[in-house]
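# Descriptive structure summary
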Amino acid sequence: MQLEVKTFAGETAGSVELDDAIFGLEPRADILARMVRWQLAKRRAGTHAVKNRAEIARTGKKMYKQKGTGNARHGSARVPQFRGGGRAFGPQVRSHEHALPKKVRALALRHALSSKATGQRLIVVDDARLEAPKTKELKDQFGKLGLSSALIISGAEVDANFGLAARNLPGIDVLPVQGINVYDILRRDTLVLTRAAVDALEARFK
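Each value, and the rule that gives it
- Residues numbered from 1 in each chain as written.
- Predicted model: local features only at pLDDT ≥ 70, side-chain atom pairs only at ≥ 80, totals over all residues.
- Heavy atoms only, no water.
- UniProt positions renumbered as here; feature names shortened; annotations may be inferred.
- Helix = DSSP H or I, 4+ residues; strand = E, 2+ residues; numbered from the N terminus.
- Buried < 20%, exposed > 50% of the residue type's maximum accessible area, 1.4 Å probe, protein only.
- Contact = heavy atoms within 4.5 Å.
- Areas by Shrake-Rupley, 256 points an atom, 1.4 Å probe, with all protein chains shown as cover.
- Lys, Arg positive; Asp, Glu negative; His and termini not counted.
- Charge placed at Lys NZ, Arg CZ, Asp CG, Glu CD.
- Phe/Tyr/Trp six-rings, centres within 6.5 Å; stacked < 30°, edge-to-face > 60°.
- Pairing = 2+ DSSP bridges.
- Domains from an automatic or database assignment.
- Axes fitted to C-alpha atoms, helices over the stretch in contact; angles between N-to-C directions.

Per an unreviewed UniProt entry, the protein goes by Large ribosomal subunit protein uL4 and derives from Enterovirga aerilata. The Sequence similarities (unreviewed entry) comment attached to the protein in UniProt states, word for word, "Belongs to the universal ribosomal protein uL4 family." Per its UniProt entry, the protein bears the Subunit (unreviewed entry) comment "Part of the 50S ribosomal subunit."

Further remarks concern the overall build of the protein. Assigned secondary structure in the protein consists of 7 helices and 6 strands. Beginning at the N terminus, the succession of helices and strands in the protein can be written as β-β-α-α-α-β-α-β-α-β-α-β-α. When the backbone C-alpha atoms are referred to their principal axes, the protein occupies close to 95 × 40 × 25 Å. By the burial criterion, 37% of the 206 residues in the protein qualify as buried. For the protein, restricting intrachain contacts to residue pairs at least 6 apart in sequence, the fraction spanning at least 24 positions comes to 69%. A total of about 12400 Å² of accessible surface is found on the protein, and carbon and sulfur atoms cover 49% of it. When the 36 positive and 21 negative side-chain charges of the protein are each reduced to one mean point, those points stand 24 Å apart.

Turning our eyes to something else, we now look at the packing of aromatic side chains. Taken as a whole, this structure holds 3 aromatic pairs when the rule is applied. For the pair Phe8 and Phe162, a centre-to-centre distance of 5.5 Å together with 40° between the ring planes defines the contact as tilted. Taken together, the positions of Phe8 in the loop between strand S1 (2–6) and strand S2 (12–17) and Phe162 in helix H5 (residues 160–166) put the pair 154 residues apart, joining distant regions of the chain. Classification of Phe8 by relative accessible area gives buried; the value is 5%. With relative accessibility at 1%, the residue Phe162 sits in the buried group. An aromatic cluster of at least three residues, connected via ring pairs, comprises Phe8, Phe142 and Phe162.

Right, let's get into the pairing of strand S3 (residues 122–125). Each regular strand displays side chains that alternate between the two surfaces of the sheet. The side-chain alternation of S3 yields two buried faces, one formed by Leu122 and Val124 and the other by Ile123 and Val125. Taken together, the 2 bridges between S1 and S3 define a ladder with parallel strand orientation. Bridging from a neighbouring strand, Val5 pairs with Val124 of S3. Looking at chain direction, S3 and strand S6 (residues 190–194) are connected through 4 bridges and run parallel. Opposite Leu122, over in S6, you have Leu191 as the bridge partner.

The subject of this paragraph is the side chain of Ser114. With respect to the helices, strands and loops of the structure, Ser114 is situated in helix H3 (residues 102–118). Excluding residues that lie within four positions of it along the chain, Ser114 makes contacts with Ile22, Phe23, Gly24, Leu25 and Pro27.

Its domain assignment divides the protein into domain 1 (2–43 + 97–205) and domain 2 (47–93). The gap between the C-alpha centroids of domain 1 and domain 2 is 53 Å.

With that settled, consider the sheet that holds strand S4 (residues 150–153). As a general point, the strands of a sheet are linked pairwise by backbone hydrogen bonds and lie either parallel or antiparallel. Within the open sheet, the 6 strands sit side by side as S2-S1-S3-S6-S4-S5. Their pairing is mixed. Strands with a single pairing partner mark the edges of an open sheet, and in this sheet they are S2 and strand S5 (172–175). On average, each strand axis in the sheet is tilted by 30° relative to the strand beside it, whichever way the strands run. As paired elements, S4 and S5 share 4 bridges and run parallel to each other. What sits directly across from Ile153, in S5, is Leu175. In the packing of helix H7 (residues 195–204) onto the sheet, contacts are made with S1, S2, S3, S4 and S6, and the angle to S6 comes to roughly 90°.

Right, here's the structure in full:
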């Protein structure tokens, strides 16, 4: 797949050949959905918790005698049906992570990249650098490319000035190529890759 390389100034900077095995697949929604579900489950803290009846600081003595009072039979005051008692079947600290094969995860990333390429929502730029961290200047450059919701993937490291200028722009995410992931690709309208990012991705999937 041949794609034109642009600059953030809106100019043409040559072209690049994209590997069809990475950018030319027919996207499968089921694989992408599995990957997004895995990512969101993995990042959950799982720190939600309530006290059960064993953790309530209240006496476990029988409230009153079993028979003769005319009331229902009760034992401990720590049981869930009393105000201030323990919660029955409440959330406990746990991991929400579940297994997903590494091959499926790699395939999902390729399908996510292909979904942007086939949908004409992929832009390759020459480089992602700024001489000074000026948000206004970067916003004007994004306007020339029509970027309002975009994930920008740079090379091995994000340029410090570029990262500082972009972090105040809503709808814009900037990541190094090692941090590329399916969820962030799909949640933004446009995917912007630098030449270095394209080379790194093709080397990764060889």
